Amino acid sequence: MLEMTREEFEELVAEALDRIPPELTRLMDNVAVFVEDEPSPDDPELLGLYEGTPLTDRGEWYAGVLPDRITVYRGPTLRMCETRADVVAETEVTVVHEIAHHFGIDDERLHELGYG
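All values reported here derive from a predicted model rather than from experimental measurement. What you see as residue numbers is a count from 1 along each chain, following the sequence as written. It should be noted that, the model being predicted, local features are given only for residues of pLDDT at least 70 and side-chain atom pairs only at 80 or more, the latter also being counted only at that level, while totals for whole chains, interfaces and linings use all residues. Side-chain measures here rest on the full set of heavy atoms in the structure, leaving out hydrogens and waters.

**Observations concerning the layout of surface pockets**
Using a grid of 1 Å spacing that covers the protein atoms alone, one calls a set of points a cavity when a 1.4 Å probe fits there but cannot get out, and a pocket when the set is open and has protein on both sides within 12 Å along at least five of seven lines; lining residues are those with an atom within 4 Å of a point. Grid points are joined across faces, edges and corners, and a volume is the space filled by probe spheres set on the points. Roughly 160 Å³ of internal volume is contained in the largest pocket. If you go around the largest pocket, the residues you meet are L46, L47, G48, E90, V93, T94, H97, E98, D107, H111, Y115 and G116. Under the DSSP-based scheme used, a helix requires at least four consecutive residues in state H or I and a strand at least two consecutive residues in state E, with every element numbered from the N terminus. Those elements that provide at least two residues to the lining of the largest pocket are α4 (84-102) and α5 (107-113). Sort the elements by how many residues they give to the lining of the largest pocket and α4 lands first, with five residues. The classification used treats Ala, Val, Leu, Ile, Met, Phe, Trp, Tyr, Cys and Pro as nonpolar, Asp, Glu, Lys and Arg as charged, and all other residues, Gly among them, as polar. Here the lining of the largest pocket is composed, by residue class, of four nonpolar, five polar and three charged.

In structure tokens form, the structure reads like this:
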């Protein structure tokens, strides 16, 4: 398994977020991004997870709720990657994938776009 500290991995996630075009990040609303070491044992190879209500599903009722949560998992990413460059690329794909869920884009469409 490739070695990388949590701090280094968090920096890669931050850099991936910085590469999201500003016109999209301005549209993101009530969402927080976290890094965790491992996902649930039920899905040990999960790279990222979006939990919340996509922007496309929010209505007048949406107020006073906790932020949506995007989590990027360090362990599975490092296990599947062979080089630091692979980790950088996979982290960027994972961040884009989970942000796309925030915008209401489903897995099928993400796979079509190459973010599966």
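**Considering the packing of aromatic side chains**
Only centres within 6.5 Å qualify two rings of Phe, Tyr or Trp (six-membered ring in Trp) as a pair; their planes then separate them into stacked at under 30 degrees, edge-to-face at over 60, and tilted for everything else. Throughout the structure, instances matching the rule amount to one aromatic pair. Aromatic pair W61 and Y62: ring centres 5.6 Å apart, planes at 80°, arrangement edge-to-face. By relative accessible area, W61 is classed as exposed at 54%. Buried, partly exposed and exposed residues are distinguished by accessible area as a fraction of the type maximum, computed with a 1.4 Å probe on protein chains only: under 20%, between the cut-offs, and over 50%, respectively. Here Y62 falls in the buried class, since its relative accessible area comes to 15%. R69 extends its terminal NZ or CZ atom over the ring of F34, reaching a point 4.0 Å from the ring centre. By definition here, charges over rings are those cases where NZ of Lys or CZ of Arg is within 6 Å of the ring centre and within 35 degrees of the ring normal.

**Quick word on the environment of G52**
Along the chain, G52 turns up in the loop between β2 (48-51) and β3 (68-73). A relative accessible area of 47% means that G52 is categorised as partly exposed. Expressed as a C-alpha distance, the spacing of G52 and I70, which sit 18 residues apart in the sequence, is 8.6 Å.

**Digging into α4**
In this scheme, a helix's expected span is set at 1.5 Å multiplied by one less than its residue total. Along its 19 residues, α4 runs 27 Å from first to last C-alpha, staying within 8% of the 27 Å computed at 1.5 Å per residue. Three or more residues of α4 are buried, namely V87, E90, T91, T94, V95, H97, E98, I99, A100, H101 and H102. Buried residues in α4 make contact with α1 (6-18), β1 (31-36), β2, β3, α3 (74-80) and α5. G104 sits one or two residues past α4 and shows a positive phi near 90°. Contact between two residues is taken to exist if any of their heavy atoms lie within 4.5 Å; hydrogens are not considered.

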